[in-house]
Amino acid sequence: MSARTSTEVREGRSAGSAGRPGGGRPQVQQWKDRLEGSGIPWILPAVILVVGLIYFSIGYTGYVSTLDWNGFILSPADHVGASNFTTMFSDRVFWLALQHTAVFYVVTFTIQTAIGFFFAALMHSQLKLGNVYKVIIFVPTVLAPATMAPVFRNIFDTHGQFNWLLEHVGLNFLARPWLAENGTAMPVVMGITIWQWTGLTFILFYAAMSQIETEILEAARVDGAGNLRTLWSIVWPMCAGTTAALAVLGFIGALKTFDVPYLITKGGPNHATEFLGTYIYQTMVQQKHFGYAAAISIALLVLAIGGGVAMSIRNRAAEGK
Amino acid sequence: MTKVARQLALKLNLAVRKRFAFLFRSPQPLNPHRSGRQKEKDIDMSKKTFGKRRRALTASILGVALLGVGACSSGGGDTPASPGSTTDGSITWWGWTPDKANADKLIAAFNKEYPNIKVEFVSKPIDSYDSVLSPAITSSDGPDVFNVAPGSANGGVETFQAGAIDLAPAVTKALGSDWKTKLAASGVDGLTVGDKVVGLSAGAVYSGSLWINQDLFDKYGVKPPTTLQEWKDVCATFKAGGQGCFVQGAGQWAFDMDTFEAIMENVKPGAYVAASKGETKYNDPSFTKGLEIWKSLFDDGIMQEGAIGLQQYPDANNAFMAGDYAMVMMGTWYTQYAVKDSMVAAMEAAGVGSPTPFTLIPIQFPDVAGTGNTNLMFGDADYGLAVSAKSQHQEAATTFALWLTTSQAGQQAVANTLNDIPSLIGVQPEWGSIDLVNSDAQLAALKNLTDVAGAAPRPRFASVSADLNTAFRDALIGVASNDMSIPDAEAALQAVVDKQK
């Protein structure tokens, strides 16, 4: 039956196309050519892979977020609808994690940008041993947080090197258990993150500054602009694209923050360094609430996509002005 | 079914490689002087060939995808595993404990009786144990024997009971119908779900004791504290001499729960467990008293400064092993470090160069509430052995699990590692063959610890759910750091228990 239908269709199409210019080529063949021209067959394997692995996982996470499940495949799961999301919106720790993420993003992005931009400008001023400084600034970026975590735990311990340093420069009154106090644990986490990622910011600004035409800088000099004026009015605006890209990357990075707070403070004390990533890990691995963890993951995804898109739109609008 | 699927997948894989080969082959050079007709012919041939290849490629991808779906579906099914032989086979044992050295000792002792059962121990980190075990025990390629734990810990029986066989018939056959009376209660109830014996306890760990560096106590001329006031005085003496007194990694709240349960056992024995089961309320005055004492450990100079910024492992353990502190809150698992070699290894791991082992002694938790309720420890099975329902060697796996957990020889081997208190009642470590650091000073205390622990009436974590565990973290650290009032902490704990009802 199907073979017959197929033949009829083929015949029908051939007849239908006979009157067209260049007719005689079967319509199926034309369709195939169009398909080939579109490139779809060539990207199909990649599409299958991406849809299969990534978007299926996202969809599955969305499905799990409607379950009350301990995560073990043989264990039964109860469908709870939107209950996990309702719980999430009334969860103090969830909002605390969001608040920490916002503060963390603003502080780390601002400081990293300022230091990275400053160092990049400095390195463009024909400094002696410039390459050595570049390596020194960039090295923290390639060090694994897991490797550095015990070192930082030691440095910021009550009897650690940071307090030792404070005591030896006459600032004894500042010495404290940095990782054990709510007010100081987060600044330590932010400080470590800035130490780690400023190298990347520096490299990107350095590359962006290399693209600025020397004639523009020379014209500014001729017009009487000093170093600071040139930096502020010429170099900084011309690095706006880099700054915008770093802002988006930093935003998504802040939402995904996990390794430093988990390895240094475990999200504590008293959730003082809790982020969405650490909270998801806690609810999923330690408390076995896979459904609830999936709901927070979906929230994280929505925030990352929504925030990223909003920032891109804003940047494009700014570029258009 | 899985084997068939695998073979089909292999064949398809080969077919796909064959089909994909054209993508990697260098194209045949075309003759630039071809005739126009030859060119048309080449183009036509090329279209035909690529058309066929595309169809074949699409079919292959779809085939692989369908096979994958089929294979995934079969993985979760209840495929009966072939049981195999009771005395012959090759099995794999997954667990977070014991460490490799002790596991090798246990397996060597087992092979003296069962030389034809080869056991491979695969050590898995405790933090990721659940994540790696979950997929593994749904497959016949996973472990034959795996560790399970009571309560809310990783490897919890409640979570993994669906992937294990019921060991009740096997243990009844081995020890008789009264088998429960021959094993420590802590190892039976905590590893049973409903009527299903999910795991059999190899040994138990108990907490509620403190460990001291006797050499430091001798050096400073102080005696182990027996009351809260004595504890404060001892710490004041150590501090005056620049020596750390008591160390706890209070950021790792499982050990905070140990200390708090020890306090509560002293204030009102049984209240801690009763409240976790919902049999009493957390606003009972005994809990207020217990939390006040807990807070005073931080406020009155017993806990080291910055305690809640540290983890028990590695921070507090290393600091104690390095001699920076004279006391630490640890349980019976610390007995292994009373042995010379183990202590030297632990000190080296803590960063001590050329270590000289010190006299490690267990003492009972001080009478901090002045009630006289002392010598009360609490514990759970350290780990139980479960046999995978998907194992192809279930009989051999069951032989191993039963030998280690219920036989005299197996339990003696467990006892001699000094890592766990044996599950089989009456088995003691062979102290005469164990090389203690300072036998004269240690032996009596270690024997007493074993006796007190063996008689421990209450569980450690078995009655605490994962949610309550987390609530304890917030409550104990919150109270200690003045971020939560005692009534708020009690209310938060009660709310979790009420929700579970």
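Residues numbered from 1 in each chain as written. Chains lettered and ligands numbered in written order. Predicted model: local features only at pLDDT ≥ 70, side-chain atom pairs only at ≥ 80, totals over all residues.

Kindly report on the overall build of chain B, identifying the contributing residues and their values.
Within chain B one finds 20 helices and twelve strands. With 501 residues in all, chain B has 49% of them scored as buried. Looking at chain B alone, contacts between residues at least 24 apart form 79% of all its contacts between residues at least 6 apart. (Helix = DSSP H or I, 4+ residues; strand = E, 2+ residues; numbered from the N terminus. Buried ≥ 20, exposed ≤ 12 C-beta atoms within 10 Å, placed from the backbone. Contact = placed C-beta atoms within 7 Å.)

Give me the lowdown on helix 19 (residues 466–480) of chain B, citing residues and values where you can.
One full turn of an α-helix is made of 3.6 residues, so residues set three or four places apart face in the same direction. All names here are of chain B. Between its first and last C-alpha, helix 19 extends 21 Å over 15 residues, near the 21 Å set by a 1.5 Å rise per residue. In terms of burial, helix 19 is a largely internal element, 14 of the 15 residues being buried. A positive phi of about 65° marks N482, the residue just after helix 19. (Expected span 1.5 Å × (residues − 1).)

I'd like a description of the pairing of strand 7 (residues 209–213) of chain B, backed by residues and values.
All names here are of chain B. Counting buried positions over the five residues of strand 7 gives five, a clear majority of the element. Burial along strand 7 is two-sided: S209, W211 and N213 facing one way and L210 and I212 facing the other are all buried. Pairing of strand 7 with strand 10 (residues 360–364) involves five bridges; the strand directions are antiparallel. Paired with W211 across the bridge in strand 10 is P362. (Pairing = 2+ DSSP bridges.)

A description of the domain arrangement of chain B should follow, citing residues and the corresponding values.
All names here are of chain B. The assigned domain composition of chain B is domain 1 (2–24 + 42–75), domain 2 (89–201 + 382–427) and domain 3 (209–376 + 437–500). Domain 2 and domain 3 are separated by 29 Å when their C-alpha centres are compared. Between domain 2 and domain 3, the residue contacts involve ten residues of the former and 17 residues of the latter. Of the residues contributing to the side of domain 2 that touches domain 3, the split by class is four nonpolar, six polar and no charged. (Domains from an automatic or database assignment. Nonpolar A, V, L, I, M, F, W, Y, C, P; charged D, E, K, R; others polar.)

Describe unusual backbone geometry, naming the residues involved and giving the relevant values.
Between A:G268 and A:P269 the backbone carries a cis peptide bond, its omega angle lying at -5°. Along the polypeptide, A:P269 turns up in the loop between helix 13 (259–264) and helix 14 (276–286). Of note, the bond from B:T97 into B:P98 is cis; its omega dihedral lies within 30 degrees of zero at 0°. With respect to the secondary-structure elements, B:P98 resides in the loop between strand 1 (89–95) and helix 3 (100–113). Of note in the backbone geometry, A:K266 takes a positive phi value of approximately 55° without being a glycine. By the secondary structure assignment, A:K266 is in the loop between helix 13 and helix 14. Of note, B:N482 is a non-glycine position whose phi angle comes to about 65°, a positive value. Note on placement: B:N482 falls in the loop between helix 19 and helix 20 (486–500).

Can you explain the interface of chain B and chain A? Please cite residues and give values.
Counting residues at the interface gives 24 residues for chain B, matched by 22 residues for chain A. Going through the elements one at a time, helix 2 (36–75), helix 4 (129–136), helix 5 (157–160) and helix 19 of chain B are the ones with two or more residues in the side of chain B that touches chain A. Among the residues forming the side of chain B that touches chain A, the class breakdown is seven nonpolar, twelve polar and five charged.

How would you summarise the nonpolar core if you had to cite specific residues and measurements?
One finds A:I296, B:F400 and B:A401 to be the most contacted residues of the largest nonpolar core, which totals 177 residues. Ignoring sequence-local partners within four residues, the contact set of B:F400 consists of B:I91, B:F110, B:I117, B:V119 and B:V145. Of all hydrophobic cores here, the second largest spans twelve residues; its members include A:F117, A:F119, A:F202 and A:F205. (Core = buried A, V, L, I, M, F, W, Y, C linked by C-beta atoms within 7 Å.)

Go over the sheet that holds strand 8 (residues 244–247) of chain B with me, naming the residues and quoting the values.
All names here are of chain B. With mixed pairing, four strands are arranged side by side in an open sheet as 8-9-7-10. Of all strands in the sheet, those bounded by a partner on one side alone are strand 8 and strand 10. Within this sheet the neighbouring strands show an average axis-to-axis angle of 20°, counted without direction. Lying over the sheet, helix 18 (residues 439–454) contacts strand 7 and strand 10, oriented at roughly 40° with respect to strand 10. (Axes fitted to C-alpha atoms, helices over the stretch in contact; angles between N-to-C directions.)

Which residues make up the packing of helix 13 (residues 285–299) of chain B against helix 19 of chain B, and what values do they have?
Relative orientation and spacing of two packed helices are given, respectively, by the angle between their axes and the distance between those axes. Residue and element names in this part refer to chain B. Across the interface, helix 13 lies against helix 19 with an axial gap of 8 Å and an inter-helix angle of 55°. Comparing their axes, helix 19 and helix 13 come out oblique. As helix 13 runs across helix 19, the sense of the crossing is right-handed. Together, L291, W294, K295 and F298 of helix 13 and L476, V479 and A480 of helix 19 make up the contact between the two elements. (Parallel < 35°, antiparallel > 145°, perpendicular 65-115°, else oblique. Left-handed = near helix turned anticlockwise from the far one by under 90°.)

Account for the sheet that holds strand 12 (residues 421–422) of chain B, with residues named and values stated.
With mixed pairing, six strands are arranged side by side in an open sheet as 2-1-3-11-6-12 (chain B). With one partner strand each, in any of the chains shown, strand 2 (117–123) and strand 12 of chain B form the two edges of the open sheet.

Describe the environment of B:A316, with residues and values.
All names here are of chain B. Along the chain, A316 turns up in helix 14 (residues 312–321). Taking C-alpha positions, A316 is 10.0 Å from M327, a pair spaced eleven residues apart along the chain. Among all residues touching A316, those that are not within four sequence positions of it are V247, Q248, G249, L310 and V328.

Describe the packing of helix 3 of chain B against helix 17 (residues 408–417) of chain B, with residues and values.
All names here are of chain B. Contact geometry of helix 3 with helix 17 gives a least axis separation of 10 Å together with a crossing angle of 160°. In this view, helix 3 runs roughly antiparallel relative to helix 17, as classed from their interaxial angle. For the pair helix 3 and helix 17, the sense of crossing is right-handed. Within the contact between the two elements, helix 3 uses N102, K105, L106, A109, F110 and E113 and helix 17 uses A409, G410, A413, V414 and T417. Its residues placed into classes, the contact of helix 3 with helix 17 shows six nonpolar, three polar and two charged.

Help me get a handle on the confidence of the model for chain B, residues and values and all.
Residue and element names in this part refer to chain B. Of all residues in chain B, 83% have pLDDT values of 70 or greater, and the mean over the chain is 85. Between residues 12–35, whose pLDDT stays under 50, and residues either more than four places distant or in other chains, the model counts 14 contacts. Note on residues 45–50: pLDDT under 50 across the span, and zero contacts to partners over four residues away in sequence or across chains. With a pTM of 0.78, the predicted complex shows an ipTM of 0.76. (pLDDT = per-residue confidence, 0-100.)

If you had to explain helix 10 (residues 228–240) of chain B to someone new, which residues and values would you point to?
Spanning 13 residues, helix 10 of chain B covers 18 Å between terminal C-alpha atoms, matching the ideal 18 Å at 1.5 Å per step. Considering only its buried residues, helix 10 of chain B is in contact with strand 8, helix 13 and strand 9 (325–329) of chain B.

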